[in-house]
Amino acid sequence: PAVVLKGRSIYYGALLYPAQWLGNFWGVAIFHALLCAVAIMLTIATLRRVMGGEATRYTFAGVGLLLAALTPVGYFASYMLPDVFGALGLLAAGHLLFLWSEQSRASRFFWFALLALATLFHTANMLLVTLLALVVAIGLAFRLPASKPGLTAVVGTVIIGFLGQFAFSWGVEHATGAAPVRPPF
């Protein structure tokens, strides 16, 4: 029987498939870049609000130029790999866990959806977010200034990631009669 590997995300592949079918991956690169830009803009706006200021277009432009010049964010956003979702997932978890009360409902939804994608797109992200949620849950007992609703949202994304892994394994086993094999990474 054929062996199906469980090392790569079928969900990230589903994002890439239409681009491959169309013969052009620019849409995915633009999607990555837009997610990074929105995440950066929301972070700047939230942190400026927390510090008592207001984010202006000059703030966004200045930070954007600094990130473009001093970090590899543009380089990694252009990769056709789910690796960019590791950093975006950690940023989303930070917003949900520690800046929950500073977020609008739309921002919370954005961070939740981004973190859910991160957990579906790469198993390492799911494990990292699970560990972070566990540390924050323990920290809440010691008065860590984290948000309980934010922790619930983060745990929800972890559950989405695990359900995604389960659905893939079930589908492969149902279709082939053999469970997928996870190579070490």
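Look up: the structure comes first, before these words.
Since the structure is predicted, the reported quantities are computational estimates derived from the model, not experimental observations. (Residues numbered from 1 in each chain as written. Predicted model: local features only at pLDDT ≥ 70, side-chain atom pairs only at ≥ 80, totals over all residues. Heavy atoms only, no water.)

A. Layout of the environment of tryptophan 21. Checked against the element boundaries, tryptophan 21 lands in helix H1 (residues 10-22). With a relative accessible area of 64%, tryptophan 21 lands in the exposed category. Put simply, tryptophan 21 and isoleucine 40 are 19 residues apart on the chain and 31 Å apart in space, counted from C-alpha to C-alpha. (Helix = DSSP H or I, 4+ residues; strand = E, 2+ residues; numbered from the N terminus. Buried < 20%, exposed > 50% of the residue type's maximum accessible area, 1.4 Å probe, protein only.)

B. Just helix H8 (residues 148-176), in detail. Over its 29 residues, H8 extends 42 Å from the first C-alpha to the last, a length consistent with the 42 Å expected when each residue adds 1.5 Å. For H8, every residue scored as buried is listed here: Gly150, Leu151, Ala153, Val154, Thr157, Val158, Gly161, Gly164, Gln165, Phe168, Ser169 and Val172. Structurally, H8 contributes buried residues whose contacts are with H1, helix H5 (84-98), helix H6 (105-121) and helix H7 (123-141). Taking the backbone nitrogen of glycine 150 as reference, a side-chain oxygen 3.0 Å away marks serine 147 as the first, capping residue of H8. Remark: glycine 177 follows H8 within two positions and exhibits a positive phi of approximately 85°. (Expected span 1.5 Å × (residues − 1). Contact = heavy atoms within 4.5 Å. Polar contact = N/O pair within 3.5 Å; in protein donor to acceptor, adjacent residues only side chain to side chain.)

C. Spatial organisation of the side chain of threonine 157. Along the chain, the position of threonine 157 falls in helix H8. Residue class for threonine 157 comes out buried when judged on its relative accessible area of 0%. The residues touching threonine 157, leaving out its near neighbours within four places in the chain, are Phe112, Leu115, Ala116, Thr119 and Val129.

D. Region of interest: the environment of valine 28. As for its position among the elements, valine 28 is in helix H2 (residues 26-50). Taking the C-alpha atoms as reference points, valine 28 and alanine 77, separated by 49 residues in sequence, lie 9.3 Å from one another. Residues contacting valine 28, with those up to four places away along its chain left out, are Tyr12, Leu15, Leu16, Ala19 and Met80.

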